[in-house]
Number of protein chains: 2
Amino acid sequence: MPRYKLIMEYAGTRYSGWQIQKNARTVQGELHHALQEATRGRQFETYGSGRTDAGVHALGQVVHVDLPTALPPDTLVARINDHLPHDINVLSAERMPPRFHARHSAVARRYRYQISRRRSAFEKNYVWWVREPLNLARMREAASHLVGFADFRSFTDDDPEEKSTHVLLQELTLTEQDHLILVHVTGSHFLWKMVRRIVGVLVGAGKGDLTPGDVGRLLQKESPLTAQLTAPAAGLFLERVEY
Amino acid sequence: MPRYKLIMEYAGTRYSGWQIQKNARTVQGELHHALQEATRGRQFETYGSGRTDAGVHALGQVVHVDLPTALPPDTLVARINDHLPHDINVLSAERMPPRFHARHSAVARRYRYQISRRRSAFEKNYVWWVREPLNLARMREAASHLVGFADFRSFTDDDPEEKSTHVLLQELTLTEQDHLILVHVTGSHFLWKMVRRIVGVLVGAGKGDLTPGDVGRLLQKESPLTAQLTAPAAGLFLERVEY
């Protein structure tokens, strides 16, 4: 059973997230369906690097799957894409050794979050439009308090599958690109809703609702504030997974 | 009655084109509705620089409208946008003399057409994905035969509103940007379906179905070929109108 690594992009708008569910359209469900069509009815187990929530997008989600027979990677990509809807796309396939695991072998994930400073006719599903003025210097100062190894318990909801809430946050940067503020965040792994709560807190600091010091203190004790400030799903992209 | 020039962007995907119609959702219809809401029920005549077909987008459609009272441009923009759907957006407003007419005063229109060389999860409504290899040099040579002042009758369907089929085509360029080929075309005015038929014919030349010389000869006599090759609406954007 040859193992393949797939790199996928998708627009999450029309899906109830990554993970397969009964009675809901999900990205993994569509991938299973396409794999079955491409291989004439076989059943598959696929493993993603991690879940993405409803409305969240991916530029480089990584999946592994064991196929009954070996196929040239380009043939595999074309066959799967022929059966995928227009907003899910396999970018590449690669043969991997059987010890490769899309989730367990990953050493870092990088996300991108898009904040927009103006109304746009083309971006609703891909940005968080913040009408209020944002002080970028204050957002960057707030971000500096979150980089490093820390307990991010107050940035997530209870998730029975998650063993530890300690995360190594390697990168948290803000860059301006035209009317967008791009937040890039890289970490060993991410807790449920963690990226959206980090972005929400940074926007709170940018508006002046929180001081950068307040943001640092959120790591020390649990607070309902992070949940209240959760950024919407639309602006979030899983950008890259590193192995 | 102060006259205003509005510059608008819209994603045409959900609309039956620009022009107002009974029993169909159009961009002009949505603009009328927003103007009525913003001015408490008045009726308006709006004049666009030209129509766009169903599924065609705009980055800089120009409209003029006479308002009952003068308003600061930024206030006007904000009030209209508060009542527009998310995929239609007024970018700017400007007070103009009464002799300004969005259609009659225009001296040139520029369109952009996006051809994609690969499948993408994010672009379905904004590109024409051409799977076959395209020879860009041949497309550019074909384009050179269409620049200038000529009778573009064979690039349009009969339109009773159109008096002349002679058009001055000032620019027809092809540039590569990542996996996209961008076609830019500027002309004095455009006939119905003309841009999409020009692009269709260039893609025909790029695939090798037509020689560049064939493309030039299409100007000389009518042929069913241009209609057969019409490029899909999704890739087309009205980019700019010049006065």
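Rules behind the numbers
Residues numbered from 1 in each chain as written. Chains lettered and ligands numbered in written order. Predicted model: local features only at pLDDT ≥ 70, side-chain atom pairs only at ≥ 80, totals over all residues. Heavy atoms only, no water. Helix = DSSP H or I, 4+ residues; strand = E, 2+ residues; numbered from the N terminus. Rg over C-alpha atoms; globule rule 2.2 N^0.38 Å. Buried < 20%, exposed > 50% of the residue type's maximum accessible area, 1.4 Å probe, protein only. Contact = heavy atoms within 4.5 Å. Salt bridge = Lys/Arg side-chain N within 4 Å of Asp/Glu carboxyl O. Domains from an automatic or database assignment. Buried area = accessible area lost by both parts, 1.4 Å probe. Polar contact = N/O pair within 3.5 Å; in protein donor to acceptor, adjacent residues only side chain to side chain. Nonpolar A, V, L, I, M, F, W, Y, C, P; charged D, E, K, R; others polar. pLDDT = per-residue confidence, 0-100. Least-squares fit on C-alpha atoms with pLDDT ≥ 70 in both. Phe/Tyr/Trp six-rings, centres within 6.5 Å; stacked < 30°, edge-to-face > 60°. Lys NZ or Arg CZ within 6 Å of the ring centre and 35° of its normal.

With that out of the way, let us pick up the overall build of chain A. The number of helices and strands found in chain A is six helices and ten strands. Against the 2.2 N^0.38 benchmark of 18 Å for 243 residues, chain A shows a C-alpha radius of gyration of 19 Å, consistent with a compact globule. Here the C-alpha coordinates of chain A stretch approximately 55 × 40 × 30 Å along the principal axes. Split into buried and exposed, the 243 residues of chain A put 53% on the buried side. Put simply, of all contacts in chain A between residues at least 6 apart along the chain, 72% involve residues at least 24 apart.

Below, the discussion takes up the pattern of salt bridges. Opposite charge on two side chains allows them to pair when their charged atoms are near. Using the criterion set out here, one finds 28 salt bridges over all chains in the structure. For the salt bridge of Asp 151 of chain A with Arg 153 of chain A, the shortest nitrogen-to-oxygen distance reads 3.2 Å. Arg 197 of chain B is the partner of Asp 157 of chain B in a salt bridge, and the nearest nitrogen-oxygen pair spans 3.1 Å. You can see Asp 157 of chain B sitting in the loop between β7 (148–151) and β8 (166–177) and its partner Arg 197 of chain B sitting in helix α4 (residues 194–207), a full 40 residues away along the chain. The exposure class assigned to Asp 157 of chain B is partly exposed, which follows from its relative accessible area of 28%. A single network of salt bridges, built from pairs that share partners, joins Arg 110, Arg 112, Glu 171 and Glu 239 of chain A.

Here the focus is the domain arrangement of chain A. Residue and element names in this part refer to chain A. Domains assigned within chain A are domain 1 (3–96) and domain 2 (108–242). Placing a centre on the C-alpha atoms of domain 1 and another on those of domain 2 gives a separation of 27 Å. The interface of domain 1 with domain 2 comprises 15 residues on the first partner and 17 residues on the second. For the pairing of domain 1 and domain 2, the buried interface totals around 1,200 Å² over both sides, and the portion due to carbon and sulfur atoms is 52%. Linking domain 1 to domain 2 there are one salt bridge. In this structure, the salt-bridge partner of Asp 53 is Arg 196, at a minimum N-O distance of 3.7 Å. Applying the counting rule to domain 1 against domain 2 returns nine residue pairs in polar contact (both at pLDDT 80 or more). Of the residues belonging to the side of domain 1 that touches domain 2, the class tally is six nonpolar, seven polar and two charged.

Below, the discussion takes up the confidence of the model for chain A. For chain A, per-residue confidence averages 94 on the pLDDT scale, and residues scoring 70 or more make up 98% of the total. In the predicted assembly, ipTM is 0.90 and pTM is 0.93.

With an RMSD of 0.0 Å, chain B superimposes on chain A once it is rotated by 180 degrees and translated 0.0 Å along the axis. Those values place the two copies in the arrangement expected of a two-fold rotation axis. The position closest to the rotation axis in chain B is occupied by the C-alpha of Phe 122 of chain B, lying 5.7 Å away. Most of the interface of chain B is mirrored in chain A, where 100% of its interface residues are also at the interface.

Turning our attention to unusual backbone geometry. Residues and elements named next belong to chain B. Located in the positive-phi region is Asn 23, a residue other than glycine, with phi close to 65 degrees. Topologically, Asn 23 is positioned in the loop between β1 (3–10) and α1 (27–38). You can call Asn 23 exposed: its relative accessible area is 84%.

We now examine the packing of aromatic side chains. In the structure shown here, the tally under the stated rule is 16 aromatic pairs over all chains. Ring centres of Phe 122 of chain A and Tyr 126 of chain B lie 5.9 Å apart, and the angle between their planes is 75 degrees; this geometry places the pair in the edge-to-face category. Of this pair, Phe 122 of chain A sits in the loop between β5 (108–116) and β6 (128–129) while Tyr 126 of chain B sits in the loop between β5 (108–116) and β6 (128–129), which puts the two residues in different chains. These aromatic residues form a ring-pair network of at least three members: Phe 122 of chain A together with Tyr 126 and Phe 237 of chain B. Against the face of Phe 237 of chain A rests Arg 112 of chain A, its NZ or CZ located 6.0 Å from the ring centre. Here the guanidinium or amino end of Arg 25 of chain B rests over the ring plane of Tyr 15 of chain B, the centre of that ring lying 5.4 Å away.

Attention shifts here to the interface of chain B and chain A. Each side of the interface is counted separately: chain B has 24 residues, and chain A has 24 residues. Around 1,700 Å² of area is buried between chain B and chain A when both sides are counted, 51% of it from carbon and sulfur atoms. The largest per-residue losses of area from chain B upon contact with chain A belong to Arg 119, Ala 121 and Phe 122 of chain B, which jointly make up 43% of the total buried on that side. Where chain B packs against chain A, one counts four salt bridges.

This part takes up the environment of Arg 119 of chain A. On the secondary structure map, Arg 119 of chain A appears in the loop between β5 and β6. Distance from Arg 119 of chain A to Ala 234 of chain A, taken between C-alpha atoms, is 15 Å for residues 115 residues apart in sequence. At a separation of 2.9 Å, a polar atom in the side chain of Arg 119 of chain A contacts the main-chain carbonyl oxygen of Leu 84 of chain B. At a separation of 3.1 Å, a polar atom in the side chain of Arg 119 of chain A contacts the main-chain carbonyl oxygen of Pro 85 of chain B.

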